[in-house]
Amino acid sequence: MNGLVRNALQMSHDYARQLIQPGDRVIDATCGNGGDTQFLAELVGPDGHVDGFDIQAQALAKTRERLEKAGLAERCSLHQASHHTMADLLEPGVRCVLFNLGYLPGGDHAIGTRPETTLPALQAAVDLVTVGGAVLICLYYGGDSGFAEHQAVLDWISDLPVHRFAVQKSELANAKSCPPIFICCEKLA
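Since the model is a prediction, treat every value here as computed from it, not as a measurement.

**So, the pairing of strand 3 (residues 76-80)**
Note on strand geometry: in a regular strand, side chains alternate between the two faces of the sheet.
Here's step 1: Taken together, the five bridges between strand 2 (residues 49-54) and strand 3 define a ladder with parallel strand orientation. Each residue of the ladder has a partner; that of Asp54, found in strand 3, is Gln80.
Here's step 2: Since strand 2 and strand 3 lie parallel, the crossover through helix 3 (residues 57-70) that links them has a hand, and here it is right-handed.

**Examining the sheet that holds strand 5 (residues 129-139)**
Here's step 1: Spatially, the seven strands line up as an open sheet ordered 3-2-1-4-5-7-6, and their pairing is mixed. With one partner strand each, in any of the chains shown, strand 3 and strand 6 (165-170) form the two edges of the open sheet. Direction aside, the axes of adjacent strands within the sheet are offset by 15 degrees on average.
Here's step 2: As paired strands, strand 1 (residues 25-28) and strand 4 (residues 94-101) are joined by three bridges and run parallel to one another. When the bridges of strand 4 are listed, Val26 appears paired with Cys96.
Here's step 3: Contacts from helix 1 (residues 8-19) reach strand 4, strand 5, strand 6 and strand 7 (181-187), with the element oriented near 165 degrees to strand 5.
Here's step 4: Relative to the sheet, helix 5 (residues 115-128) contacts strand 1, strand 4, strand 5, strand 6 and strand 7, its axis offset from that of strand 5 by approximately 155 degrees.

Conventions adopted
- Residues numbered from 1 in each chain as written.
- Predicted model: local features only at pLDDT ≥ 70, side-chain atom pairs only at ≥ 80, totals over all residues.
- Heavy atoms only, no water.
- Pairing = 2+ DSSP bridges.
- Helix = DSSP H or I, 4+ residues; strand = E, 2+ residues; numbered from the N terminus.
- Right-handed = clockwise from strand over helix to strand, strands pointing away.
- Axes fitted to C-alpha atoms, helices over the stretch in contact; angles between N-to-C directions.
- Contact = heavy atoms within 4.5 Å.

What follows is the structure in structure tokens.
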């Protein structure tokens with residue numbers, strides 16, 4: 001896509017580039033095929049660290065292969081676990097948490113993110129992120145999945161306290177088929 005209009009994934013990457021500095025700790029809450037994990041590993045540099053989460057062994061294998069091929073595997077720890085467990089495994093002080101909600105591209109549509117784990121994961125993310133950091137969300141929905149999660153996430157962000165979080169939501173208003181939504185939850189206090 002050329003021009004000023006950006007899709008949800010492009011916007012999440014634009015925000016991440018502005019936010020993440022070399023040496024930062026970040027989280028890819030949904031590794032998928034590893035594209036975002038690699039992108040984040042490049043941003044944090046050799047002194048930073050990425051923790052990646054996915055419940056599917058297939059996704060983590062693709063992510064690991066991609067990281068090894070790019071020479072970035074040593075910057076990353078991959079966890080075969082649901083994103084809602086991140087607070088059990090990690091300490092606060094994370095600069096950015098990136099979510100791509102939906103299902104693994106090219107994978108089984110029956111296996112995907114769900115509100116019962118996504119909402120606790122989002123809460124864990126805002127608790128782990130530092131002041132000045134952000135939780136970035138690409139909310140995919142439509143077709144055969146994601147409608148319940150879509151509404152649950154929109155309800156959740158609207159309840160974040162305005163004195164602690166600045167929340168931006170962006171979507172293509174003229175798209176007819178459930179365009180992905182970009183959400184940035186910047187932690188203010």
